[in-house]
Structures are given as structure tokens and as C-alpha cells.
Amino acid sequence: MEATHDVLVVGAGCAGMRAAIEAYDAGANVAVISKLHPTRSHSGAAEGGINAALGNAAEDSPEIHAFDTVKGSDYLGDQDAIEIFTREAPSDIYQLENWGAFFSRMLDGKLAQRPFGAAGSPRTVFAADITGHVLIQVLYEQLVKRDITVYEEYFAWKLVENDGRCQGVICWDLLNGGIKVVGGKTTILATGGQGRIYRTTTNAYACTGDGAAMALRMGLPLKDMEFMQFHPTTLYPTGILLTEGCRGEGAYLINSEGERFMKTYAPNAMELASRDVVSRAEMTEIDAGRGINGSVMLDMRHLGAQRIIERLPGSRELSMTFAGLDPIYDPIPVRPGAHYHMGGVETDNDGATELTGLYAAGEVACVSVHGANRLGGNSLMETITFGRRSGRAAAEWALSNTTIDVPASAEADAERELRGLLDVSEGERPWQIRNDLGSSKQIEVIDELRERYERGVIVDDKGEVFNSDLVQAIELGNMIDLSACMLQAGIARKESRGAHARPYDYPTRDDENFMKHSITRWVGDGPELSYKDVRYTKYDPMERTY
Ligand SMILES: Cc1cc2nc3c(=O)[nH]c(=O)nc-3n(C[C@H](O)[C@H](O)[C@H](O)COP(=O)(O)OP(=O)(O)OC[C@H]3O[C@@H](n4cnc5c(N)ncnc54)[C@H](O)[C@@H]3O)c2cc1C
């Protein structure tokens with residue numbers, strides 16, 4: 001075994017680093033495993049901001065934030081988790097600020113807060129439109145300050161279960177090659193999302209759902225897998241995100257007739273309706289022939305050059321670089337793209353999973369704060385608040401339990417399996433199957449892709465050092481299994497709720513039959529579905545209005 005630690009955190013995005021810092025401060029010996037250098041984690045791409053009811057720009061409270069989140073979730077969020085989240089968010093923001101996060105400010109010196117979709121008050125704290133970049137740098141500084149061990153460019157492949165609890169992680173050392181086993185009294189999965197399953201996505205190449213797939217193979221339940229959020233403003237044709245902050249600052253959405261079409265779909269909230277509503281409205285316009293090249297236009301011209309340069313410099317740069325258009329002078333073509341996965345590894349409010357010693361936080365987890373639809377700005381906040389909570393809980397458990405026992409056979413089995421992957425000489429190259437995965441819609445197609453994968457994928461690179469070919473083959477296997485879970489749960493949910501839209505066969509919400517979480521487990525050689533009640537506190541589903 002390479003080493004042992006009290007708490008092992010797999011993932012070095014906002015959730016992983018916040019968890020590691022908290023576990024360290026609770027007295028644990030902590031290490032972080034990441035397939036990327038921490039500051040290259042996808043959290044760094046987050047743009048628009050992070051939600052907490054500070055009440056700086058208008059009246060606000062954790063209760064209003066909770067109500068907005070419950071309503072935005074289309075009543076599928078667990079309300080006890082949401083209440084914890086909105087109550088603890090403000091002090092988490094001040095903690096980040098004290099660590100050096102330079103958030104944008106108002107003239108009176110207070111932290112500025114911008115309006116975001118479906119928020120009852122302007123509550124999104126931001127650092128221009130590079131909020132994720134700022135957070136990831138600040139958290140990394142805190143990691144370095146504490147001298148927390150980082151197993152950088154280690155690809156986590158399997159969890160080790162022994163004696164009924166998680167006791168470590170089996171990794172492939174990307175830089176030097178070879179299997180490395182790291183033991184942990186507790187392990188926190190913070191491996192982020194799985195947007196790369198889709199062809200058009202805002203997610204980076206690393207977002208391949210590895211943590212969720214590892215948990216799935218341990219027999220753990222994944223929750224609400226059918227809910228993938230499509231962001232309404234991804235740049236045509238690349239799918240790069242233009243933040244909701246553009247609309248928060250006042251940008252319009254217009255169709256080919258120059259009309260602000262959101263007045264038909266959400267006359268009050270207009271462009272700041274929740275993401276599911278705006279994305280569906282865009283597709284309706286495009287399908288009705290009022291799009292331009294399969295897009296609608298995001299118009300910021302009326303905001304003026306100064307506001308665009310000051311508040312949205314990143315969005316301007318992205319538009320100029322990737323669409324050749326300057327938003328000061330031109331409307332920008334946008335369309336919905338796969339963005340955020342609401343589902344994930346089921347956890348309690350402290351990040352604990354069903355397996356003793358294993359926790360999860362951030363986009364890989366499903367607490368569930370977001371239910372059927374996440375509000376913009378709530379995800380970064382979730383990574384921080386539930387990253388902190390899981391770090392504390394994992395450290396406390398680890399410090400009261402002392403042994404780590406990873407059987408030698410676990411390493412030997414992994415070694416054999418890996419050599420088997422490298423030895424495949426007949427079959428297909430992984431990218432061929434990956435391409436088909438990005439465009440498939442049907443469960444039969446996924447089953448066929450799984451068969452093709454299992455028949456053999458050829459890893460051309462047989463080398464030990466930085467074998468990205470091997471890593472991509474493993475990631476593809478993860479994405480195929482997760483897709484099967486997503487499709488099965490999606491087909492079974494015969495209603496439209498939040499991000500899950502079935503406009504042609506089940507266009508309305510069906511509370512009687514589907515006001516419940518889906519739970520997916522891997523049984524035998526496929527996913528098996530069951531359901532679980534949503535936890536309510538005081539927000540009544542019958543009050544749903546937009
Ligand atoms: C373009 C974009 C903009 C966004 N903007 C906002 C915003 O303004 N506000 C907001 O609230 N939300 C936003 N989101 C969503 C939010 O940024 C993400 O949900 C959140 O940052 C995810 O953080 P995370 O820590 O869970 O995962 P990530 O930041 O994705 O980190 C995952 C970590 O896990 C590691 N990892 C993964 N697999 C393995 C493996 N097999 N072995 C080892 N390590 C592994 C990676 O190296 C990485 O360190 C945005 C998302 C995108 C895509």
C-alpha cells in the first residue's frame with residue numbers, strides 16, 4: 001500500500017478541497033487524490049456566482065432562499081437538506097471572503113449580489129464572471145497552507161470495501177504509471193459531474209462521472225439519475241457556457257423576429273425564469289422555425305460597453321474568441337446544452353453514503369438540494385456547504401475508528417484487470433463508442449454500446465507513463481453504465497418535472513405517481529430502479545406557481 005490517511009478525498013474541485021480543509025482543521029491526517037492538478041478542476045470554470053441570502057442588494061433571508069430552491073426543484077428537493085443549506089450558506093461565504101476570495105462589491109463596500117434565475121431576491125455573490133476561478137485559487141491556497149498531501153494526477157479507479165466499510169482507493173498513477181493503493185479510514189467522493197456523456201455540453205473533458213460509477217459498482221444507490229439540467233445559454237456551435245449572470249445583468253433573449261419570446265412563456269420572470277423553463281422555451285421557438293441556425297440570440301447591447309466590460313468580461317471574451325462576435329455590438333447565438341447533473345450518489349445531510357466510511361459531496365452527490373432542477377448559483381454553494389459538512393463528519397468518524405485493512409488481493413485483482421484492458425487486441429477504439437454514446441437517445445442503443453464495450457476496446461498506447469488512452473477507455477466504461485441508469489430512470493418517469501421534460505407523451509407534472517426520488521442500484525449486469533419518498537418540512541407542493 002502506498003500510504004494510509006484518516007480521511008481520503010477523491011477530487012480537488014471546490015467540494016473536495018473544502019472537505020479536505022475542514023477534515024484537516026478537525027484534526028485528521030488528510031490526503032486528496034485528483035486526476036488533475038487541483039486548480040484545473042472544473043469548478044474553476046464556474047462563472048456567474050454563488051448563492052447566499054446576505055440581503056445586501058435587497059431584502060432576503062434563508063427562508064426565502066429555501067422557498068426559491070424548493071420551488072425551483074419542482075418540489076423534488078429534500079426540504080430538510082435545503083433548509084440546512086440556506087441557513088449555513090451566509091457564514092460559508094464570509095469564511096471564503098476571510099480566506100481572500102475577492103468578491104465584487106457595491107459602492108458601500110458590501111458584497112455585491114446579482115439577480116439569478118428563479119431567485120426571489122438578488123442573492124448571487126460573484127467575482128465578475130470568474131467566480132469559480134477565484135474560489136478554486138483561494139481553496140488551493142488554504143490546502144497548501146495546511147500542507148495537505150495531494151496525490152496529483154492519480155486516477156481513482158476502484159473503492160476498496162473490506163469488513164463492511166470503505167477502507168481506501170485503488171488508483172492508476174498517471175505520471176509514473178502503475179497501480180497505487182491508498183488506504184483511508186474514511187473516503188469522500190468529490191469527483192464532480194458527468195456532462196461528457198453528451199455531445200454538446202458545458203462540461204470539461206474530465207467530467208466523466210467516475211465517482212458515481214465507482215459507487216454504483218459497490219452496490220450503492222444513485223438518486224434521481226434522470227435529471228440532467230440543460231443550460232439555456234451555451235454558445236453556438238461549441239457549447240461553451242455564457243453565464244446566467246448575463247441575463248442577471250439584464251441581457252434579453254430574442255428570436256429570429258427580434259421578439260423577446262420569454263414574455264410568452266414566463267411573463268413575470270422573463271429571461272430569469274428557472275433554467276428548465278427557459279431552455280424549453282428556446283427549443284419551442286427553434287422547433288417552430290423562429291431560431292437562427294438552431295439557436296436564439298442573447299442580446300446584451302443595451303447594457304452598454306462599460307457594464308459588459310466591468311461585470312461580464314469573461315463572457316465577452318468567450319463570445320469574441322469562439323463566435324467572432326462582440327456582445328457590445330452584436331447579439332450572440334445561444335442554445336440549450338447539457339450542464340449539470342442533479343442526481344448522484346445518495347447521501348445524508350452530512351455526506352454519508354450507505355457504505356460505512358464512504359462520503360460524497362459536490363456534483364457527484366445527491367443530498368438532495370436541487371431536486372428536479374438546480375437554481376443557478378446553488379451548486380457552487382452546495383460544494384462549499386456540503387463539502388465542509390462531509391469533511392467534518394468524515395474526520396470525526398475517522399478519528400474515533402482506528403484500523404485500515406486493505407487485503408493484498410484487492411491490489412492484485414486490480415493489477416490483473418488493468419493488464420487485461422491493455423492486452424485487448426481485437427475490438428474497437430474507445431472514441432468510436434464514445435461518439436455514438438453522445439448522440440444516443442434510447443436504452444437499446446446503450447445496451448448495444450455496452451455490449452460493444454465489453455467485447456473489447458483497444459487501448460493503443462501500452463505504455464506506463466501518462467497513458468491517457470487507458471484512462472479514456474475506463475472513463476468510457478463509467479459513462480456507459482451511468483447512461484444506462486439515466487435512461488432507465490428517465491423512461492420510467494412518465495411525467496414532466498423540472499429538467500425532465502416529456503412534452504410529447506407526458507407533458508405535465510404527475511404528483512400522484514411521481515412525487516418521489518428514483519433510486520438506482522447496479523444488480524447483476526444492469527441497473528435496477530426503485531423509489532423513495534421526498535422529505536418535506538414546511539413547503540407545500542400544491543403552492544407551485546411561476
Ligand atoms: C461552465 C460552467 C459554469 C458553471 N457556473 C456555475 C456558477 O456560476 N455557479 C454555480 O453555482 N455553479 C456553476 N456551475 C456548476 C458548478 O461549477 C459545478 O457543479 C461544481 O463546481 C462542481 O464542483 P465539484 O467540486 O463537485 O467537482 P469538480 O470541480 O468538477 O471537481 C472534480 C474533481 O474530481 C477529480 N476527479 C474526477 N474523477 C476522478 C478520478 N477518477 N480520479 C481522481 N480524481 C478525479 C477531478 O480531478 C477534480 O479535481 C457551472 C458549471 C459549468 C460546467
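Thresholds applied
Throughout this document, residue positions are counted from 1 along each chain, in the order its sequence is written. Only residues with pLDDT of at least 70 get local features here, since the model is predicted, and only at 80 or more are side-chain atom pairs given and counted; chain-wide, interface and lining totals rely on the full set of residues. Calculated side-chain values reflect all of the structure's heavy atoms, with hydrogen atoms and water omitted. Two strands are counted as paired when DSSP detects at least two bridges linking them. Comment: elements are numbered from the N terminus, with helices defined as DSSP H or I runs of at least four residues and strands as E runs of at least two. For each residue, the test is whether any non-hydrogen atom lies within 4 Å of the molecule or strand; if one does, the residue is near. Counted as a polar contact is a pair of N or O atoms within 3.5 Å, where, for protein atoms, one must be capable of donating a hydrogen and the other of accepting one, and residues adjacent in sequence contribute only when both atoms are in side chains. Method for areas: the Shrake-Rupley scheme with a 1.4 Å probe, in which residue coverage is limited to the protein chains shown. Any carboxyl oxygen of Asp or Glu that lies within 4 Å of a side-chain nitrogen of Lys or Arg is treated as forming a salt bridge with it. Under the scheme applied here, a residue whose accessible area is under 20% of the maximum for its type counts as buried, over 50% as exposed, and between as partly exposed, the area being computed with a 1.4 Å probe on protein chains only. Working rule for contacts: check all heavy atoms of both residues, and any pair within 4.5 Å makes them a contact.

(A) Geometry of the pairing of strand β19 (residues 526-533). When strand β18 (residues 516-523) meets β19, the two strands line up antiparallel, connected through eight bridges. What sits directly across from Ile519, in β19, is Ser530. As consecutive antiparallel partners, β18 and β19 are separated by two residues, and within that stretch Gly524 has a phi angle of approximately 65 degrees, a positive value.

(B) Region of interest: the site of the ligand. Every one of the 37 residues lining the ligand counts as a neighbour, but Ser41, Ser43, Glu363, Ser379 and Leu380 are closest to it. A distance of 2.8 Å is found between an oxygen atom of the ligand and a backbone nitrogen or oxygen belonging to Ala12. Contact distances for the ligand include 2.8 Å between an oxygen atom and a backbone N or O atom of Gly48. The protein chains hide 98% of the 1,000 Å² of surface that the ligand would expose on its own.

(C) Geometry of the sheet that holds β18. The five strands are arranged β17-β15-β10-β18-β19 in an open sheet whose pairing can be described as mixed. Both outer strands of the open sheet, β17 (365-366) and β19, are each paired with one neighbouring strand and no more. Sheet analysis places strand β15 (residues 344-346) next to β17, joined by two bridges and oriented parallel. Paired with Val345 across the strands is Ala365, a residue of β17.

(D) Layout of the pattern of salt bridges. Under the defined criterion, the tally for this structure stands at 50 salt bridges. Glu464 is the salt-bridge partner of Arg419, the closest N and O atoms lying 3.1 Å from each other. With Arg419 in helix α12 (residues 408-423) and Glu464 in the loop between α14 (443-455) and α15 (468-492), the pair connects residues that are 45 residues apart, well separated along the chain. Exposure remark for Arg419: the relative accessible area of 29% places this residue in the partly exposed category. Among the charged side chains, a network of salt bridges with common partners joins Asp74, Glu226, Arg493, Glu495, Arg497, Arg509 and Asp511.

(E) Up close: the side chain of Thr86. With respect to the secondary-structure elements, Thr86 resides in helix α3 (residues 79-99). Thr86 sits in the buried class, given a relative accessible area of 1%. Polar side-chain contacts of Thr86 include one of 3.1 Å to the backbone oxygen of Pro62. In contact with Thr86, not counting residues within four places along its chain, are Pro62, His65, Ala66 and Thr69.

(F) View of the environment of Asp326. Mapped onto the elements, Asp326 comes out in the loop between α10 (313-323) and β14 (332-341). The residues touching Asp326, leaving out its near neighbours within four places in the chain, are Arg316, Met320 and Ile332.

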